[in-house]
Structure formats: structure tokens, C-alpha cells
Amino acid sequence: MSIAPSPTVVLGTSFARELPELALPWQAEAAPAPRLLALNDALAAELGLDADALRTPAGVELLLGLAVPEGATPVAQVYAGHQFGNYSPRLGDGRALLLGELTTPDGTVRDLHLKGSGRTPVARGGDGLAAVGPMLREYVVSEAMHALGIPTTRALAVTATGRDVARETMLPGAVLTRVASSHLRVGSFQYARALDDVDLLRRLADHAIARHHPEAADAEQPYLALFEAVVAAQAELVASWMAVGFVHGVMNTDNTTISGETIDYGPCAFMEAHDADASFSSIDSGGRYRYGNQPLVLQWNLARLAEALLPLLHADQEQAIALAVPALERFVPAYEAAWAGRMRAKTGLPAGLADDVAGPLVRDLQALLQAAHPDHTTFFRALGQAARGDVEPVRELVLDLAAIDEWLARWRAVGPDADAMDRVNPAVVPRNHLVEEALVAATDGDLEPFTRLVAAVTSPFDVRPGDERYTEPAPTDFGAYTTYCGT
Ligand code: AMP
Ligand code: MG
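Quantities reported herein were computed from a predicted structural model and do not represent experimental measurements.

Before going further, it helps to spend a moment on the packing of helix α7 (residues 198–212) against helix α8 (residues 222–244). Here α7 crosses α8 at 55 degrees, and the two axes come no closer than 10 Å. Taken together, α7 and α8 sit at an angle that is classed as oblique. Of the two possible hands of crossing, α7 and α8 adopt the one that is left-handed. Along the contact surface, α7 presents Arg202, Ala205, Asp206, Ala208 and Ile209, while α8 presents Pro222, Tyr223 and Leu226. Residue classes in the contact of α7 with α8 are distributed as 6 nonpolar, no polar and 2 charged.

As C-alpha cells, this is what we get:
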């Protein structure tokens, strides 16, 4: 039996109540002809929602924010942010809404959020809408990231609205129903700081501590501990991106979360040829957000968070800075340790291997990858085969055979664990040509390629028979890949 979900879903309003300065009560725009395109059954179950009920007309109304449970207060969140290094004092959910906070059966609190739900008071020049393609793109890439074990916002559903949106051409519109442990960002703190309202800043920090880093509340200096926790979470996050070859593409401070989750799948891409300079976004001509620059940019964003938090760290600005700087400086060693740990795992190094052996192995491999530009994903799976004794697939990916042979000999001598490698090196990532193929078909009404792609990328460590094409790099005629923002 399926029950209409709307009356049974309870949405908390702590963000709207505790931080009214950052929350503009607002409503989603009506959809002329809603049609559910994708529903994430596994996530619905995790959230304690009945997926069958979500498929009913009343469920779809909930997924679109058109029927909100009693007591809920949908809001557009206001924030600021540095975009490509330039400060925008007032951004916010121009086409998004926070419906409220769900408490899952295991007691965790998750935001239920919409993207593409119509113009809000902070829409600026935008139309408030989103097209089917980019919303399905966020669905498939964020679910791939989750399956890879990388903290991320999740995609509960994509619903076509029946309204066309004007982009370069007219495209079918859609709403993404997104789930996140919160939507607090560095830009939220920048906004509160710019209002020069220390009470608001403190309420925001307290809210962030309660939701994400509760242990900070017991620290001698809770706000410094909050900052340290964000530094640590983001160091882990960016290291996990680097390990799988993920290029976020728009690491503005409004897209850097306090939770340490990946957010905002606009112009992101998984690189194929390993390259520190890999960059895909049409508007990132300077390569600010290129693959190899992501750790540096993240630290820059954390410096903006530190600036915003200064009034909470100490009444005297010099003393506040003296507290913030060492905490910020911990980012580099934290990132390096996180990255080295992932590289050790990716190369199957035995747990007890001494740092003075593991360190050079990892660094030399990094140099080899940067010189040879092999397909990042294929290389590490081929390395698993090499650990089993078949070195040819790896050798085929590297031109400098003398260099790779020397490295392989040194590496195999330490006894790498091939099975452990296959558990951390994905065979399947959402490759750009497959994502594009699936989105083009979906925009034309054929969801089959999208559904198959989601199935393949959400089981990234196994290749099911018949799914081999999901492991292969783009054909050469696919050409250079470009991604676009704000679609
Ligand atoms: P993003 O690059 O996706 O993080 O977006 C940057 C800002 O632009 C955010 O404040 C978005 O809410 C806003 N925005 C993006 N696209 C639109 C749109 N079509 N209509 C209104 N606001 C938008
Ligand atoms: Mg954003």
C-alpha cells in the first residue's frame, strides 16, 4: 500500500528560524506538466521516504515543492561569495529553495532542497530555471561521487516541469530535488560577516557546529575548533577529488561547504588524460580551477572563511589573526597526508611500508603520470593487473618504457595488494562522452542511456558483463571537452 507522502513528511525549520537574516521565505513556481524522470529509490529509503508514494501525483508535488508539509517554511538562502576571485556581496539561491530539514530514521538531519524551482528575490538577472540535461547531469555525477565514497550532496529526483527554458535553444525544464547534510557555505559566513552583525555570525557558527562539527562545542575555543574542523574536512575532500581525477570547475567560495561535502555540479568533469592543467569549464579561461590547482584554491577559500570568522576568534583583530593563521596553515600538511594515504591505497602499498619507501614511490609515480598523461582511471585499474603480474596494460599507457619499467620493478618488490587496489580504484567513472550521450538522449525523451549510465557509475568497482564501454576513454573524435555553468 502506498501512502500519500506529503502529510507524513516532517520538515524542520531550524535554518529559517535561527538565521532569518539568511532566509527569505519563498515558494516554488508551478509546473505545467510535471513528469518524474529519475527517482533515487536507495536514497529515498535512507531518508525514510516511501519511494512508491513519491511516484504518486502527491509525491511529485512534494518533490517540486508545490505541496509542502504543514509547518514547513521553504526559503531561498542568502549568501555572498568570491567567484573566480571577485567578491559578490549578495548571491544566494537565485533558482533554488531549501524546503526544510528531514530527520532520517537513523537520526541524521538532511536538507531537502530544490534547484530550478523558479526565480527568487536573489535571482538577479537569471530566469530561476534549469534544463533537464544539467539537472540529470548533477544527478548522475553526484551519485557517482557518492558511490566512490566521496562526501557529496545527493540527488533524490529529477522532475521535468513541462515548461521550456530559454538557453542557446529552447530546452525542456526540470527541477532537481537535492539532499545535503546542509547548504551552509563559506559564502554564508562571508555574508554574515559583511553585515557586521557579530550576533548573526555567532548564531551561524553555532548552527554550523551543531549540525556538522558538534565536537567543536566542547573545545576551549569552539569557533577556532569549527574552523579547524572545516579545514580538516575540506583537506580530505579535495584529496578524494584528486585521487579519482575529479575537476570541480567552479570552486567559488559559495560552492565550498562547511560540511565538507562536494556541492554544485555545474561545469565539473572527470579528467581522462592525467594532467595537472586539466580544465573543462568554458568560463575558466585562466585555469584557476584546473585539476592541479584545486588544493591551492581550497586553501584560498578557507582563508576567506577565516577572515569571516575573525570577530568570533578574538575581540582584538591581531590576536584573532594570530589564532587563525596556524589553523589555516594546517591545511597543507592535512591535504598532503590525505593525498598520500589515498595514493598509498591506489597503489596497493602494504600498510606497514616505511614512509621513506612509500613516499618516493608515490612521488615518482605522480611525476610519471604528469609526463605520460595516461587515462587516469584506466591507468590505476591497469596497475592492479600489473600487481597480479601482467604489466603490459600499464606499459601500453606510458611512452617512456624505461621509466615505467624501473618504477614497476621497485613497486612490485614491496608486494602491492591487487585486490585492495581494485576496491579503491574505480573501473567506471562518469566519462564525459557517456554523460553527454545520456543527456542528449534524455533531452529528446529517451531515458534508457541515462538509466544505464546511473547503474554503471553507482557500481564503480565492478564491471558487469556488457558494460565494458563504460570503462573506456572517449573515442578520439569526441575531441576536447568543454563544460558550461549556470544552465
Ligand atoms: P553557481 O555557479 O551554480 O554556483 O551559481 C552562482 C549563482 O548564480 C547562485 O547564486 C545561483 O543561485 C545563481 N544562478 C545560477 N543560475 C541561475 C538562474 N538560471 N536563475 C537565477 N539564478 C541563477
Ligand atoms: Mg552554487
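Having seen the model, we can carry on.
It is worth spelling out the site of ligand 1 at this point. Near ligand 1 lie 17 residues; those nearest to it are Gly92, Gly94, Arg124, Gly128 and Asp264. One of the backbone N or O atoms of Gly94 is found 2.9 Å from an oxygen atom in ligand 1. Burial of ligand 1 by the protein chains amounts to 87% of its free accessible area of 490 Å². Considering only residue class, the shell around ligand 1 consists of 4 nonpolar, 6 polar and 7 charged.

Quick look at the nonpolar core now. Within soluble globular proteins, side chains that are nonpolar tend to cluster in buried spots. If you look at the biggest cluster of nonpolar residues, it comprises 125 residues, and the most contacted ones within it are Phe189, Leu383 and Trp411. The biggest single contributor to this core is α8, with 14 residues. Residue assignment places this core across two domains, with domain 1 (14–180) and domain 2 (349–416) each supplying three or more. Excluding anything up to four places from it in sequence, Phe189 contacts Leu201, Leu204, Ala205, Ala208, Leu226, Ile258, Leu305, Ala308 and Leu309. Within the second largest apolar cluster, 26 residues are counted, among which are Leu47, Leu49, Leu64 and Val175.

A few words on helix α12 (residues 355–372). Since the α-helix advances by 3.6 residues per turn, residues separated by three or four positions end up pointing in the same direction. For α12, with 18 residues, the first-to-last C-alpha span of 25 Å sits near the 26 Å given by 1.5 Å per residue. Taken residue by residue, α12 has Ala358, Gly359, Leu361, Val362, Leu365, Leu368 and Leu369 as its buried positions. Close packing links the buried residues of α12 with α11 (331–346), α13 (376–387) and α15 (401–412). Of the residues flanking the end of α12, it is His373, one or two places downstream, whose phi is positive at about 50 degrees.

Regular strands place side chains that alternate from one sheet face to the opposite one. Burial within strand β9 (residues 170–180) is extensive, with 8 of its 11 residues counted as buried. As defined by bridge partners, strand β7 (residues 109–115) adjoins β9 across 5 bridges and the pair is classed as antiparallel. Directly across from Lys115, in β9, lies its bridge partner Leu176. Sheet topology note: the strand β8 (residues 154–166)/β9 ladder contains 9 bridges and is antiparallel. Across the sheet, the residue bridging to Val158 is Leu176, located in β9.

For the pair helix α5 (residues 132–147) and helix α18 (residues 448–457), interaxial distance at closest approach is 9 Å and the crossing angle is 20 degrees. One way to sum up the angle between α5 and α18 is to call them roughly parallel. When the axes of α5 and α18 are compared, the crossing they make is right-handed. Between α5 and α18, the contacting residues are Leu136, Tyr139, Val140, Ala144 and Ala147 on the first element and Phe450, Leu453, Val454 and Val457 on the second. When the residues that make up the contact of α5 with α18 are grouped by side-chain class, the tally is 9 nonpolar, no polar and no charged.

Conventions adopted
- Residues numbered from 1 in each chain as written.
- Chains lettered and ligands numbered in written order.
- Predicted model: local features only at pLDDT ≥ 70, side-chain atom pairs only at ≥ 80, totals over all residues.
- Heavy atoms only, no water.
- Axes fitted to C-alpha atoms, helices over the stretch in contact; angles between N-to-C directions.
- Helix = DSSP H or I, 4+ residues; strand = E, 2+ residues; numbered from the N terminus.
- Parallel < 35°, antiparallel > 145°, perpendicular 65-115°, else oblique.
- Left-handed = near helix turned anticlockwise from the far one by under 90°.
- Contact = heavy atoms within 4.5 Å.
- Nonpolar A, V, L, I, M, F, W, Y, C, P; charged D, E, K, R; others polar.
- Near = heavy atom within 4 Å.
- Polar contact = N/O pair within 3.5 Å; in protein donor to acceptor, adjacent residues only side chain to side chain.
- Areas by Shrake-Rupley, 256 points an atom, 1.4 Å probe, with all protein chains shown as cover.
- Core = buried A, V, L, I, M, F, W, Y, C linked by side-chain atoms within 4.5 Å.
- Buried < 20%, exposed > 50% of the residue type's maximum accessible area, 1.4 Å probe, protein only.
- Domains from an automatic or database assignment.
- Expected span 1.5 Å × (residues − 1).
- Pairing = 2+ DSSP bridges.

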